[in-house]
Amino acid sequence: MRGPLGNIMQQAQKMQDNLKRAQEEVARLEVTGQAGGGMVQIVMNGAHEVKRVKIDKAVVGDDIEMLEDLITAATNDAVNKIAEQSKARMAEVTQGMSLPAGFKLPF
């Protein structure tokens, strides 16, 4: 296909390939979410799978609710970090694309 539509289709295919590659890169990311000044750490990959949990002995005690809150906060911190890195990576991929207004991907 030649002309403007052909160029758009070519750009769209290239962007789709780049998006797929970026999604694979994001899935391999590992981030560490923290809470309690690092006393609870959650290592999570870009597919939102928890890989490791580290809990400082100082927070293991009778206050189970506090520990549960710290684990929750560390997990949410990891999820937010993945979202930020994923958004940044996807912005890199789509930067510079000159698609017409209203043109949406994927098709």
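Everything that follows concerns the structure shown earlier in this document.
Per chain, residues are indexed from 1 in the order of the written sequence. Where local features are concerned, this predicted model is filtered to residues with pLDDT of at least 70; where side-chain atom pairs are given and counted, the filter is 80 or more; whole-chain, interface and lining totals use all residues. Neither water nor hydrogens contribute to the side-chain values; these are computed over all heavy atoms in the structure.

Chemist: Help me out: how do you make sense of the environment of Lys20 in this one?
Modeler: Secondary-structure assignment places Lys20 in helix H1 (residues 3–28). With 73 residues separating them in the primary sequence, Lys20 and Val93 have C-alpha atoms 9.9 Å apart. Runs of E in the DSSP output that reach at least two residues are strands. Runs of H or I that reach at least four are helices, and both are numbered from the N terminus.

Chemist: Just to check I follow, could you spell out the pattern of salt bridges for this structure?
Modeler: Side-chain pairs of opposite charge can arise where the charged atoms are in close proximity. Take a side-chain nitrogen of Lys or Arg and a carboxyl oxygen of Asp or Glu: if they are within 4 Å of each other, that pair is a salt bridge. On inspection of all chains with the given rule, the structure shows 5 salt bridges. Ionic pairing is found between Arg89 and Glu25, a salt bridge with its closest N-O pair at 2.7 Å. Of the two residues, Arg89 sits in helix H2 (residues 64–94) while Glu25 sits in helix H1, which places them 64 residues apart along the sequence. The rule is simple: take the accessible area with a 1.4 Å probe, protein chains only, and divide by the maximum for that residue type; under 20% is buried, over 50% is exposed, in between is partly exposed. For Glu25, a relative accessible area of 29% puts it in the partly exposed group.

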